[in-house]
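Structure at a glance
The chain contents come next:
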Amino acid sequence: MERVPILKIGDVLLVSIQIDLQDQSVLSLQEDLADKIVKTGARGVIIDITAVEIVDSFIGRMFATIASMSRLMDAETVVVGMRPAVAITLVELGLSLGGVRTALDLEKGMRLLGAALPDTGAGRR
Amino acid sequence: MTTPPPEELAIGSGDDVVRVRQLVRTAAGHAGMSLVDQTKLITAASELARNTFVYGGGGAVRVEHVVNARGRAGVRIAFSDRGPGIPDVDQALTEGWTSGGGLGLGLSGARRLVDEFELETEVGKGTTVTVTKWTR
Amino acid sequence: MSGEDGGQGRIGELLRDHRESVLDRWVALVVAGLRGRLTEGELRGELTELYGLIERAAGGDGTASGELHAALADISRSRARQGFSPSETAISVFTLKQAVYEQIENAGDPATYTAFIAFSQSVDDLGLVTFETYAAAREQVIADQAEQLLELSTPVVKLWDGILGVPLVGTLDSARTQVVMEALLEMLVDTGSEYAVIDITGVPAVDTEVAQHLLKTVMAARLMGTECVISGIRPQIAQTIVTLGIEFGDIVTKATLADALAYALDHSGVAVDAKAGA
C-alpha cells in the first residue's frame, strides 16, 4: 500500500494526491493527517486533487471526514483542483461534500486559508 | 477496428478495486466515451467493486465491449460474488441506505452514473450487478 | 435457370456490342436529368466506369458486382454531399434501362425483351443500393451539421478577468445543456476564473431535465471552488421551477446579466465607479 506524503508549508499542511487511491491509503491518510495537525499545530490543510481522475463515495467521504476532524483541531480544510468531470460525477452520485471548502487551484486555496504563499515575486492586484 | 475481447479480474483485495478502475478506464477509452462519461463509469465501477469486496466477500468482474441495435458502442461490466446476497433489494437501492458503514451511495449512486443497471441476488447464494454505459 | 443465364448473357452481349451508342445515350439522358449541374465530361468518366462493371456483372463476373456496388455507393455519397436530390441521384442508374431498351427496340429482336426484364430487375436492385447509400450519407450530413450548430450556439465568453459568461439563446434541450455546461466547467479551469454567469434571458422555457442540468452545473462548479450566477430567469421559467418543485436552494440568481456581472465583480473585489458626469 502506498502512503500519501504530507508536506508542511508555513502553518499549512499540503497533501498532494498523485496516486490512484486504494481504500487503505485513504484511511491511513486520515490518521496521518490527524497526527500531523496535532504535532505541528497547523491552521490549515490543503488537499490537492488536480491529478485525481476519479473520486468515489469513499474518497469523497474522506474529504468530509478530514474537514470535520481538522475543524475540531482548529484547522481549516480546502480541497483544490477538482477536475470538471470529477465534479459532475460527484454531483450525479449524489455526494455533497458538506462543509468542505473548495478552490480552483493551490494558489487560490492558500489565499482562502489566508496563508501567505512562499514569495514568488508575483504581484497581486 | 477490432473489438477487444472481454476481460475478467478477481476482486479479493483493496488493490483489486484500483485494478478494476484501470481496466474500466481502458475499456471506456477504447469505446470512445467522452471524458465525463468515462469518469462516471469508472466511478460506478469503483463503488460496485468495493461492494463486491466488502459486502460480497470478494468475487469477480467481467468487462466487455457491446454494441446496441443502433450501432452505438458501449461498455458492460458485471460484478459477481458468492456472498450473503441482498435480502431487501428495494431497501438496498434506497438513497442513503447502508449495511456496512458507508454512505449508502454504493448501489443507488452507481445506478445514477450508468445507462442500464441490473441486479440479481439470492440470499445465501450471492449477488450479480451488471451495468452498461453507451457512448453519446 | 438456363433461360435466365441466357437472358443475362444476351444483355451482356448487347452491352458489349453496342457499347458506344448505349453509353452515349445513357450519358445524354443523365446530363439532361441533372440539368447541367455536372459537366458531361465528369459524368462520362463516372458512367464509363459503371458501364464497364455492369457489363462484366451481366456477363456473370462475381467480383464485378461487388465492385459495382462499391462504385455506386461512392457516387451516391458524393451526390448526397453535393446536395443533389434523391431523384437526381437515382436517375444516373435508372436511365440505363431506357438507353438499353431503346437499343433493343432498334435491333428489333423480340427474344431480347425477356432478357430485358431480368436486366431491368437488376438495375432496380442497383437503384436501391443507390438510395440506401444516399439516405445514409444525408443522415450523416445532418448529424454533422447538428453537431456544428451545437458548438456554434454554445459560446463561453470572458466577461472580465476571472468572470466567464454563457449567454444561452433558444430552446435548451438536455443534450445541448450538458454540452454547454461541460464546456463552461472546463473553461473555468483553463482560465482560472472563479465566477461564471449563466444568462438564460434568451431561453423561452425550460423543462425539468434542463433545470436539473443547470442546477447540477452550479453544484459541480461549487465543488470546483467556483461560483455560478444565473441571470435572466423569465417569469414563465420561474413559474416552471416553482411548480416542478425543483430546489434551487441557495443558488444566486439575478434579474439581468448586468446585475449578475455586478455581483461577480463585487465578490471578486473589483470596484466599479461611475465617472463624474456619467
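Predicted model only: the values in this text are computed from it and were never measured. (Residues numbered from 1 in each chain as written. Chains lettered and ligands numbered in written order. Predicted model: local features only at pLDDT ≥ 70, side-chain atom pairs only at ≥ 80, totals over all residues. Heavy atoms only, no water.)

**Quick notes on the interface of chain B and chain A**
Keep this limit in mind: Contact criterion: two residues are considered in contact whenever any of their non-hydrogen atoms come within 4.5 Å of each other. Two parts placed together each lose some accessible area; with a 1.4 Å probe, that loss summed over both constitutes the buried area. Throughout this description, the term salt bridge denotes a Lys or Arg side-chain nitrogen within 4 Å of a carboxyl oxygen of Asp or Glu. Whenever a nitrogen or oxygen atom comes within 3.5 Å of another N or O atom, the pair is scored as a polar contact, on the condition that within protein one atom can donate a hydrogen and the other can accept it, and that pairs from neighbouring residues in sequence are kept only if both atoms are in side chains. Here a strand is any run of E in DSSP of at least two residues, a helix any run of H or I of at least four, and the numbering for each starts at the N terminus.
With 23 residues of chain B at the contact, the number on the chain A side is 20 residues. Both faces combined, the contact of chain B with chain A buries some 1900 Å², and carbon together with sulfur accounts for 56% of it. There are seven salt bridges connecting chain B and chain A. Residue Lys40(B) pairs with Glu92(A) through a salt bridge whose shortest N-O separation is 3.7 Å. One can count ten residue pairs in polar contact (both at pLDDT 80 or more) joining chain B with chain A. Within the residue set of the side of chain B that touches chain A, elements represented by two or more residues are α1 (14-30), α2 (35-54) and α4 (106-113) of chain B.

**Details of the nonpolar core**
The condition that has to hold: In plain words, nonpolar cores are sets of buried Ala, Val, Leu, Ile, Met, Phe, Trp, Tyr and Cys residues tied together by side-chain atoms within 4.5 Å. Burial status follows relative accessibility: with a 1.4 Å probe on protein chains alone, a residue under 20% of its type maximum counts as buried, one over 50% as exposed, and anything between as partly exposed.
Grouped together as the largest cluster of nonpolar side chains are 99 residues, with contacts concentrated most on Ile17(A), Phe63(A), Ile77(B) and Ile198(C). It is helix α8 (residues 208-223) of chain C that contributes the most residues to this core, eight residues altogether. Residues in contact with Ile77(B), not counting those within four places in the same chain, are Val24(B), Leu41(B), Ala45(B), Val61(B), Arg62(B), Val63(B), Val129(B), Thr130(B) and Val131(B). Val22(C), Ala71(C), Leu72(C) and Val123(C) belong to the second largest nonpolar core, which has 33 residues in total.

**Some thoughts on the UniProt feature "domain: STAS" (unreviewed entry) in chain A**
Applicable threshold: UniProt positions are given in the numbering used here, feature names are shortened, and annotations may be inferred rather than shown by experiment.
The positions that UniProt labels "domain: STAS" (unreviewed entry) are, in the present scheme, residues 2-113 of chain A. Annotation note: span residues 2-113 of chain A, helix share 46%, strand share 20%, distance between end C-alpha atoms 28 Å.

**Brief notes about the packing of α1(B) against α2(B)**
Think of two packed helices as two axes; the pair is described by the angle between the axes and how far apart they sit. Residue and element names in this part refer to chain B. Stated precisely, the cut-off is as follows: As a rule, the C-alpha atoms of each element are fitted with a line to give its axis, helices using only the stretch in contact, and angles between N-to-C directions run from 0 to 180 degrees. Convention used here: angles under 35 degrees read as roughly parallel, angles over 145 as roughly antiparallel, angles from 65 to 115 as roughly perpendicular, and any remaining angle as oblique. In this scheme, a crossing is called left-handed if the near helix is turned counterclockwise away from the far one by less than a right angle; it is called right-handed if the turn is clockwise.
The interhelical angle for the contact between α1 and α2, taken along N-to-C directions, is 150 degrees, at an axis separation of 9 Å. Classified by the interaxial angle, the pair formed by α1 and α2 is roughly antiparallel. Crossing of α1 over α2 shows right-handed handedness. Side by side, α1 and α2 meet where Gly 14, Val 17, Val 20, Arg 21, Val 24, Arg 25, Ala 28 and Gly 29 of the first sit next to Gln 38, Leu 41, Ile 42, Ala 45, Ser 46, Ala 49, Arg 50 and Phe 53 of the second.

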